[in-house]
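Listed below are the residues making up each chain.
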Amino acid sequence: MSRKLQGKVALISGAGRGIGRALALKLASEGARIVVNDLDREPAEEVVDAIVAQGGEAVACPGNVSAPDFAERFVGAAVEKFRAVDIVVNNAGYTWDNVIQKMSDEQWYAMIDCHLTAPFRILRAAQPVMRAQHKADAEAGRRVIRKVVNVSSVAGLFGNAGQGNYSAAKAGIVGLTQTLAKEWGRIGVTVNCVAFGLITTRLTGSAGDDSSALIDGREIKVGVNPGLLEAMERSIPLGRGGTPEEAADAIYLLCIPESDYISGQTLMCTGGLTGI
Ligand SMILES: NC(=O)c1ccc[n+]([C@@H]2O[C@H](COP(=O)([O-])OP(=O)(O)OC[C@H]3O[C@@H](n4cnc5c(N)ncnc54)[C@H](O)[C@@H]3O)[C@@H](O)[C@H]2O)c1
């Protein structure tokens, strides 16, 4: 049986949990070889093991996407292990909320660094590799389209109280996407965004007051309080948050050959919400 992404090499940041994990398993099930990044080594290696157990190929590249040398390491891992870069998904992220009068510079830059500067650096590092592959394809008379999908949020499209830092970064990634779609068409790369509404992951699961995770050396509150979560779900036309697998499927649509002529777009994956 032919698989849609046979032999493609996909780099996915933040693929140890949630949406990124579901996507890594999905792309691997369609034949892609995966470079699995996560801040935390253990979940990254667990995803590699799960892919290998289902007959696929993957390598872990643990580390913080915000580190200045990360992009070269990430792209370097793909080139060293699989000799190509075909799909890049900038998914790694978390939230660190506060109203603007209480938001520190550290809080502001943490979100800009993770959700905007890191994708910029990763794509800058990937460009020469993708351009060289395109040149080789052109010389051999092949038309091959490669893919970038950046993960945004409804907070980036419509704003969300308490998330000035995150919203600004998630809006910024839409601008970077639209610009690269214009720069990279000539090297055969489509560049799109998926903006999620409420997807049930560690980031947004039902949380007690003390739910937190150690992210980038800081204790960050994760999850949404149960009352607010219920209210959010009631406002969604489909009546519930999406699963990580449903979210991954939206990214998958922009990675497969059927989307080869779609670029510069932001797909909303929100269960029908058209604004917040
Ligand atoms: N869950 C939602 O409702 C929702 C909504 C809109 C957008 N998003 C976006 O989707 C993406 C994935 O989130 P998720 O819901 O799957 O969350 P998640 O917490 O389940 O998974 C995110 C993964 O990214 C990793 N990560 C976080 N910061 C990192 C860093 N600096 N370097 C490397 N890895 C890092 C975490 O360790 C984690 O494993 C994020 O960009 C998030 O902002 C999620």
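Sequence order as written defines residue numbering, which begins from 1 separately in each chain. In view of the model being predicted, local features appear only for residues whose pLDDT reaches at least 70, and side-chain atom pairs are presented and counted only at 80 or more, with totals across whole chains, interfaces and linings using the full set of residues. Computation of side-chain values covers all heavy atoms of the structure but excludes hydrogens and water.

Enquirer: Can you explain the pattern of salt bridges? Please cite residues and give values.
Expert: Whenever a carboxyl oxygen of Asp or Glu lies within 4 Å of a side-chain nitrogen of Lys or Arg, that contact is scored as a salt bridge. Under the definition given, this model contains 15 salt bridges. Residues Lys 4 and Glu 258 are paired through a salt bridge, measuring 2.5 Å at the closest nitrogen-oxygen approach. Here Lys 4, found in the segment before strand E1 (9-12), pairs with Glu 258, found in the loop between helix H8 (244-253) and strand E9 (266-269); they are 254 residues apart in sequence, far enough to count as distant. The closest approach of N and O atoms between Arg 146 and Asp 137, which form a salt bridge, is 2.9 Å. Per the convention used, a helix needs a DSSP run of H or I reaching at least four residues, while a strand needs a run of E reaching at least two, with both numbered from the N terminus.

Enquirer: How would you explain the nonpolar core if you had to name every residue and give the values?
Expert: Each nonpolar core is a collection of buried residues, namely Ala, Val, Leu, Ile, Met, Phe, Trp, Tyr and Cys, held together in the definition by side-chain atoms within 4.5 Å. Partly exposed residues are those whose accessible area sits between 20% and 50% of the maximum for their type, while under 20% is buried and over 50% is exposed, using a 1.4 Å probe and protein chains only. Residues Leu 11, Val 35, Val 85, Val 88, Tyr 94 and Trp 184 are the most contacted members of the largest nonpolar core, which totals 44 residues. Listing elements by their share of this core, those giving two or more residues are E1, helix H3 (70-82), helix H4 (105-139), helix H6 (164-184), strand E6 (189-196) and strand E7 (212-215). Here the element with the most residues in this core is H4; it accounts for nine residues. The next biggest cluster of nonpolar side chains, apart from the first, holds 35 residues, and it includes Leu 27, Ile 34, Cys 255 and Cys 269.

Enquirer: Hey, could you go over a nonpolar patch on the surface for me, with residue numbers and the actual values?
Expert: Surface patches are drawn from residues lacking salt bridges whose relative accessible area is over 30%; two like charges belong together within 9 Å, two nonpolar side chains (Val, Leu, Ile, Met, Phe, Trp, Tyr) within 5 Å. Where accessible areas are quoted, they stem from the Shrake-Rupley method and a 1.4 Å probe; at the residue level, only the protein chains shown are allowed to cover. A grouping of Leu 157, Phe 158, Met 268 and Ile 276 is seen on the molecular surface, where their side chains present a nonpolar patch of about 330 Å² in accessible area. Mapped onto the secondary structure, Met 268 falls in strand E9. For Met 268, a relative accessible area of 31% gives the class partly exposed.

By themselves, these figures tell us nothing about what the structure is for.
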